[in-house]
Amino acid sequence: MYTQIAANKRRSWLLTIGFVGFVSILGYVFARATNHPGIFVFAGLGSLAYATIGYYASAQIALSLSGAREVAKKDAPELYRIVENLAITAGLPMPRVYIIDDPSPNAFATGRDPKHAVVAVTTGILEVMEKEELEGVLAHELSHVGNYDIRFMAIVMVLVTVVSLLSDFFFRWNFFGGDDEEDNNPVFMIIGIVLAILAPIVATLLQLAVSRRREYLADASGALLTRYPEGLARALEKIEHAGRPLRHASTANAHMYISNPLAGRKAGALVANLFSTHPPIEDRIRKLRDMEGKV
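Some points on the pattern of salt bridges
Turning to step 1, where the next piece is worked out: Taken as a whole and assessed by the stated rule, the structure comprises 11 salt bridges.
Turning to step 2, where the next piece is worked out: One salt bridge in this structure joins glutamate 133 and arginine 234, with 3.0 Å as the shortest N-O distance. Linking glutamate 133 in helix H5 (residues 131-146) with arginine 234 in helix H8 (residues 229-242), this pair joins segments that are 101 residues apart in sequence.
Turning to step 3, where the next piece is worked out: Judged by relative accessible area, glutamate 133 falls into the buried class, the value being 3%.
Turning to step 4, where the next piece is worked out: Between aspartate 290 and arginine 286 there is a salt bridge, with its nearest N and O atoms 3.5 Å apart. Remark: arginine 286 and aspartate 290 occur in helix H10 (residues 281-290); sequence separation between them is four residues, near one turn of the helix.
Turning to step 5, where the next piece is worked out: In this structure aspartate 290 comes out as partly exposed when scored by relative accessible area, which is 41%.
Turning to step 6, where the next piece is worked out: Overall, the relative accessible area of 43% leaves arginine 286 in the partly exposed class.
Turning to step 7, where the next piece is worked out: Each of the salt bridges in this network shares a partner with another, and the network as a whole consists of Glu133, Arg234 and Lys238.

Pasting the structure below:
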């Protein structure tokens, strides 16, 4: 577990450096393609500013998108007590606790580090879960906090968003706001178009890959925290059987939840499954039950 924490911190820095480098390359290619060097400066400075704001405001953005409201101990004593006890057991600071008014059972954790962490659960999960099952879910989310997954995924989300914005800006500049096409560099224009198409896809695939792996790790860490893998396994079964998507979920924040919040939507369900940020629940349940008697 400590090895994973160190690896997440190291990967966070490497990803940040790689992100700045990748954005710089995109800006350079787009600038050469249109013969407007100002685009390179704009892309570099604008992306750095956006990344900084997005990193520090990631938790608030996620909470706003989900419609979550903060609760105190007197508002939800049982929920608060479970989070408090698990945080003490895990050696973590007490995170802020939020509730999302939604009948779909789900939960997520976010923030840039354990000192600024947030745990949010839906009203639906509070209604259907037994205490041991809710403990399993919250242990999973606190594992994301303790493993520094929340920091890593915040950086990944910023990367995906900025790359998509840059690509969209490039297309809009050329087709709607560009100057005389004779100023364009044809070689770099072809490279730019290819990058504008492929870059968001590559960034999204990166997000999917790291998100799926971290769900497995958080399942295992959560089971170690409660010493009761069956609790989380039963909770995942209930979430799967509910088959109800969250009202305010989107592809931008789906990776944060314990289970894919878009599952069950008829429109775009095939695309959502192909590009799911979560591994199959059946596989996660099987792995958890394989842990019985080993923790």
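Anyway, onward from the coordinates.
Overview of a nonpolar patch on the surface
Turning to step 1, where the next piece is worked out: Residues Ile190, Ile193, Val194, Ile197, Leu198, Ile201, Val202 and Leu205 make up a contiguous nonpolar surface patch of about 690 Å² in total accessible area.
Turning to step 2, where the next piece is worked out: Mapped onto the fold, isoleucine 197 is located in helix H7 (residues 186-226).

A word on the nonpolar core
Turning to step 1, where the next piece is worked out: Ranked by size, the top nonpolar core spans 36 residues in total, and within it Leu79, Ile125 and Leu138 carry the most contacts.
Turning to step 2, where the next piece is worked out: Residue assignment for this core shows that the elements contributing at least two residues are helix H3 (77-90), strand E2 (96-100), strand E3 (107-110), strand E4 (118-122), H5, H7, H8 and H10.
Turning to step 3, where the next piece is worked out: Of the residues forming this core, the biggest block, six residues, is contributed by H5.
Turning to step 4, where the next piece is worked out: In this structure, isoleucine 125 is in contact with Ser104, Pro105, Asn106, Ala107, Leu134, Val137 and Ile239, ignoring residues within four places of it in sequence.
Turning to step 5, where the next piece is worked out: Membership of the second largest hydrophobic core comes to 22 residues, among which are Val23, Ala51, Phe152 and Met189.

Examining the environment of arginine 10
Turning to step 1, where the next piece is worked out: As for its position among the elements, arginine 10 is in helix H1 (residues 2-34).
Turning to step 2, where the next piece is worked out: A C-alpha to C-alpha distance of 9.6 Å links arginine 10 and phenylalanine 152, two positions 142 residues apart in sequence.

Thoughts on the sheet that holds E3
Turning to step 1, where the next piece is worked out: In spatial order, the strands read E1-E2-E4-E3; together these four strands make up an open sheet with mixed pairing. The open sheet has two free edges, formed respectively by strand E1 (68-70) and E3, since each of these has just one partner strand. In this sheet, adjacent strand axes meet at a mean angle of 25° when their direction is disregarded.
Turning to step 2, where the next piece is worked out: Where H5 meets the sheet, it contacts E3 and E4, and its direction lies at approximately 20° from that of E3.

A few points about the pairing of E4
Turning to step 1, where the next piece is worked out: Counting buried residues along E4, five of its five residues qualify, which places the element largely inside the surrounding structure.
Turning to step 2, where the next piece is worked out: Where burial is concerned, the two faces of E4 agree: the one with Val118, Ala120 and Thr122 and the one with Val119 and Val121 are both buried.

Considering the confidence of the model for the chain
Regions with low pLDDT should not have their predicted coordinates read in detail.
Turning to step 1, where the next piece is worked out: Confidence along the chain averages 82 in pLDDT terms, with 84% of residues attaining 70 or more.
Turning to step 2, where the next piece is worked out: E2 holds the highest mean pLDDT among the elements of the chain, 97, whereas helix H9 (residues 269-274) holds the lowest, 49.
Turning to step 3, where the next piece is worked out: Residue range residues 266-270 is modelled with pLDDT below 50. Its contacts to residues more than four positions away, or to other chains, number zero contacts.

With respect to empty space enclosed by the protein
Turning to step 1, where the next piece is worked out: One pass over the full model with this rule turns up one cavity of 30 Å³ or more.
Turning to step 2, where the next piece is worked out: There is about 150 Å³ of room inside the largest cavity.
Turning to step 3, where the next piece is worked out: The wall of the largest cavity is formed by 14 residues, among which Ala109, Ile150, Met153, His255 and Met256 lie closest to the centre.
Turning to step 4, where the next piece is worked out: The leading source of residues in the lining of the largest cavity is helix H6 (residues 149-177), at five residues.
Turning to step 5, where the next piece is worked out: Of the residues in the lining of the largest cavity, the class split is six nonpolar, five polar and three charged.

Definitions and limits used
- Residues numbered from 1 in each chain as written.
- Predicted model: local features only at pLDDT ≥ 70, side-chain atom pairs only at ≥ 80, totals over all residues.
- Heavy atoms only, no water.
- Salt bridge = Lys/Arg side-chain N within 4 Å of Asp/Glu carboxyl O.
- Helix = DSSP H or I, 4+ residues; strand = E, 2+ residues; numbered from the N terminus.
- Buried < 20%, exposed > 50% of the residue type's maximum accessible area, 1.4 Å probe, protein only.
- Patch = residues over 30% accessible without salt bridge, like charges linked within 9 Å, V, L, I, M, F, W, Y side chains within 5 Å.
- Areas by Shrake-Rupley, 256 points an atom, 1.4 Å probe, with all protein chains shown as cover.
- Core = buried A, V, L, I, M, F, W, Y, C linked by side-chain atoms within 4.5 Å.
- Contact = heavy atoms within 4.5 Å.
- Pairing = 2+ DSSP bridges.
- Axes fitted to C-alpha atoms, helices over the stretch in contact; angles between N-to-C directions.
- pLDDT = per-residue confidence, 0-100.
- 1 Å grid on protein atoms, 1.4 Å probe; cavity = no way out; pocket = protein on both sides within 12 Å on 5 of 7 lines; lining within 4 Å.
- Points joined across faces, edges and corners; volume = space filled by probe spheres on them.
- Nonpolar A, V, L, I, M, F, W, Y, C, P; charged D, E, K, R; others polar.

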